[in-house]
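Each chain, letter by letter, is given below.
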Amino acid sequence: MNNPRSASSSVSPATPDLLDNHRQSSSGEFSRLEKRTGPRKMTFHSKSMPRGSMFLDHEAFRNCHDKSSLQEEDKEITEPLTADRFFDALQGPELETLKEKEKIVLPEDKTWPFLLRFPITSYGMCLGVSSQAIMWKTLATTKAEKFLHLTQVVNHMLWWISLLLLLAVSITYLFKTIFFFQAVRREFKHPIRVNFFFAPLISVLFMALGIPHSITSNLPSILWYFLMAPLLFLEMKIYGQWMSGGQRRLSKVANPTNHLAIVGNFAGALLGASMGLEEGPMFFFAVGLAYYLVLFVTLYQRLPTNETLPKELHPVFFLFVAAPAIASMAWTQLYGSFDIGSRLYFFISLFLYFSLVVRINFFRGFKFSLAWWAYTFPMSAVATASIKYSGEVTGVATQVLSVVMSGAATLMVIGVLVLTVVHAFVKRDLFPNDVAIAISAEPPKQKKWFKQIKNGSFGNSMRCLKVSDQDDNQIDVEAPPLLNARTV
């Protein structure tokens, strides 16, 4: 009797026609078998393969593997990410640093295209410069500061600079939206950066508030509705996520940058009241006040957001100061005087400001980044509110306070602007590879025992105690151990 193994090994690899006929006949038999058996389970037995046949389709297998890898990479890039995935893969106060054992879908050893490295946080520069234009306009037009003999030349210059800067950043990010839409989509899903999508709208509001009198003194009221309509739709989207109870609820994603979603309400109320409107500005002021109180309490409680609020002080913590400072000016414009409501908001912002400034040691050890622009516009907002306060409560103390606050805000903007220019054009490290938008949609594979520890399987098995009664056969498997029980 012939050995089937020896017979199969005698087939020569140099006869491709015979092998093709063999494969076709095998595939035909498999098709007929599948039709006959239907969905029933089939058992396959091992069979020896002709020598050399495993190399016949090696090239086709390699091509198929390359195509599948490309499809997997495209799938990871285009697949939407949840808030939990961002928290699991990233760390740091702004969720920009990749954790260990995490991988990104783009090459780390190469410099990515500029548009792909241009983040939405670049609008922080627009906020800083445009808020300075408002501050210098208020300095030049407040009677209590007439002893400084300031004109609106600085305001005029800063306004045009902020306009050019806003156009440059907006055009650049528009090109990013066109060519790298998935990157923009991931930024919108990012728990931190989604708040910076309010920054372009707030920058436009600041531009309208800081416009020099030499250009126009009265803006048309219809402009306010056009500016506030997109802000309202964006707030309904974000605020709805905060209160929906899903993965993006406020107690889970709360961080200092959420104040940007609140500042737009007070800035819009301030602009609308300066145009002579009443009901619309009051509506936005009420919405901003309600959500600011909720956000303020949530951030101070630090519920599940400990990983986004580190111990060290970070520039974005200065955003605590911005909302009450702008609310103070909005209330003043709504009611025509710096009354008790304006003073309450101003004193809150002033206390928060000094409580952050005195903690100088917490500012050390940070590498420069675009996040440093978070210092600028809150400081400018508090300085502008102090100028308004000195106009209502005249005296040497209030005048000195307004000058000191304005000088500190101006020096901060100049310093951050110089560092930005140096890192952008000299060191060329202002826009590194943005790993925050290139994380893998799938978490790294973990060992089974590690998953059990992480999910608490071992801990639950230790905590659970089976309690049996001699008179009762029921067993309570969820009763906790009586650690402090005393034997009688």
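From a predicted model like this one, the values you see are computed outputs, not experimental measurements.

Visitor: Would you mind going over the pattern of salt bridges in detail, with residue names and values included?
Guide: One pass over the structure, following the stated rule, counts three salt bridges. A salt bridge links Glu187 to Lys176; the shortest N-O distance between them is 3.1 Å. You can see Glu187 sitting in helix 8 (residues 181-189) and its partner Lys176 sitting in helix 7 (residues 153-179), a full eleven residues away along the chain. Here Glu187 and Lys176 have matching classes, each one buried.

Visitor: Before we move on, could you go through unusual backbone geometry and cite the residues and values that matter?
Guide: The phi dihedral of His149 falls on the positive side, at around 55°, and the residue is not glycine. Here His149 is to be found in the loop between helix 6 (123-141) and helix 7. Phi is positive for Arg428, which is not a glycine, with a value near 55°. Relative to the assigned elements, Arg428 resides in the loop between helix 17 (396-426) and helix 18 (448-455).

Visitor: Account for the side chain of Thr420, with residues named and values stated.
Guide: Relative to the assigned elements, Thr420 resides in helix 17. Side-chain polar atoms of Thr420 contact the backbone oxygen of Val416, separated by 2.7 Å. Ignoring any residue separated from it by four or fewer positions in sequence, one finds Thr420 in contact with Met125, Phe368, Trp373 and Leu430.

Visitor: Go over the nonpolar core with me, naming the residues and quoting the values.
Guide: If you look at soluble globular proteins, the nonpolar side chains tend to sit buried side by side. Counting residues in each nonpolar core, the largest one holds 117 residues, and the members touching the most others are Phe206, Ile326 and Phe377. Looking at which element gives the most residues to this core, the answer is helix 14 (residues 319-335), with eleven residues. Ignoring sequence-local partners within four residues, the contact set of Phe377 consists of Leu127, Gly128, Ser131, Phe206, Leu260, Val263, Leu319, Ala322 and Ile326.

Visitor: Any chance you could break down the environment of Leu356 for me, citing the residues and the numbers?
Guide: Here Leu356 shows up in helix 15 (residues 340-357). Assessed through its relative accessible area of 9%, Leu356 is described here as buried. As for Leu356 and Phe317, which are separated by 39 residues in sequence, their C-alpha atoms are 8.1 Å apart.

Visitor: Describe the packing of helix 14 against helix 15, with residues and values.
Guide: Axes are the key here: two packed helices are described by the angle between their axes and the distance separating the axes. Viewed as axis vectors pointing N to C, helix 14 and helix 15 meet at an angle of 160°, and their least axial separation amounts to 8 Å. It follows from the interaxial angle that helix 14 and helix 15 lie roughly antiparallel. By crossing handedness, the relation of helix 14 to helix 15 is classed as left-handed. Between helix 14 and helix 15, the contacting residues are Phe320, Val321, Pro324, Ala325, Ala327, Ser328, Trp331 and Thr332 on the first element and Gly341, Ser342, Tyr345, Phe346, Ile348, Ser349, Leu352, Tyr353 and Leu356 on the second. Broken down by class, the residue content of the contact of helix 14 with helix 15 amounts to twelve nonpolar, five polar and no charged.

Visitor: Can you break down helix 13 (residues 279-301) residue by residue, with the values?
Guide: The periodicity of an α-helix, 3.6 residues per turn, causes residues three or four positions apart to be oriented the same way. Taking 1.5 Å as the rise per residue, helix 13 with 23 residues should run 33 Å; its terminal C-alpha atoms sit 34 Å apart, in good agreement. What helix 13 keeps buried is the set Pro281, Phe284, Phe285, Gly288, Tyr292, Leu295, Thr298 and Leu299.

Visitor: Account for the packing of aromatic side chains, with residues named and values stated.
Guide: What the rule picks out here adds up to 35 aromatic pairs. Each residue in the set Phe318, Tyr353, Phe354, Phe368, Trp372 and Tyr375 is aromatic and connected to the rest through ring pairs, giving one cluster.

Visitor: I'd like a description of the packing of helix 10 (residues 221-244) against helix 12 (residues 260-274), backed by residues and values.
Guide: Running from N to C, helix 10 and helix 12 point in directions that differ by 155°, and their axes come no closer than 10 Å. Compared by their axis directions, helix 10 and helix 12 come out roughly antiparallel. The hand of the helix 10/helix 12 crossing is left-handed. In contact with Trp224, Leu227, Met228, Leu231, Glu235, Tyr239 and Trp242 of helix 10, helix 12 contributes Ala261, Ile262, Gly264, Asn265, Gly268, Leu271 and Gly272.

Visitor: How would you summarise the confidence of the model for the protein if you had to cite specific residues and measurements?
Guide: Within the protein, residue pLDDT values average 77, and 70% of them lie at 70 or more. Predicted confidence for residues 447-454 stays below pLDDT 50, and this span has six contacts to residues more than four positions away or in other chains. Counting contacts from residues 457-488, a segment whose pLDDT is below 50, to residues more than four positions away or on other chains yields 22 contacts.

Rules and cut-offs
- Residues numbered from 1 in each chain as written.
- Predicted model: local features only at pLDDT ≥ 70, side-chain atom pairs only at ≥ 80, totals over all residues.
- Heavy atoms only, no water.
- Salt bridge = Lys/Arg side-chain N within 4 Å of Asp/Glu carboxyl O.
- Helix = DSSP H or I, 4+ residues; strand = E, 2+ residues; numbered from the N terminus.
- Buried < 20%, exposed > 50% of the residue type's maximum accessible area, 1.4 Å probe, protein only.
- Polar contact = N/O pair within 3.5 Å; in protein donor to acceptor, adjacent residues only side chain to side chain.
- Contact = heavy atoms within 4.5 Å.
- Core = buried A, V, L, I, M, F, W, Y, C linked by side-chain atoms within 4.5 Å.
- Axes fitted to C-alpha atoms, helices over the stretch in contact; angles between N-to-C directions.
- Parallel < 35°, antiparallel > 145°, perpendicular 65-115°, else oblique.
- Left-handed = near helix turned anticlockwise from the far one by under 90°.
- Nonpolar A, V, L, I, M, F, W, Y, C, P; charged D, E, K, R; others polar.
- Expected span 1.5 Å × (residues − 1).
- Phe/Tyr/Trp six-rings, centres within 6.5 Å; stacked < 30°, edge-to-face > 60°.
- pLDDT = per-residue confidence, 0-100.

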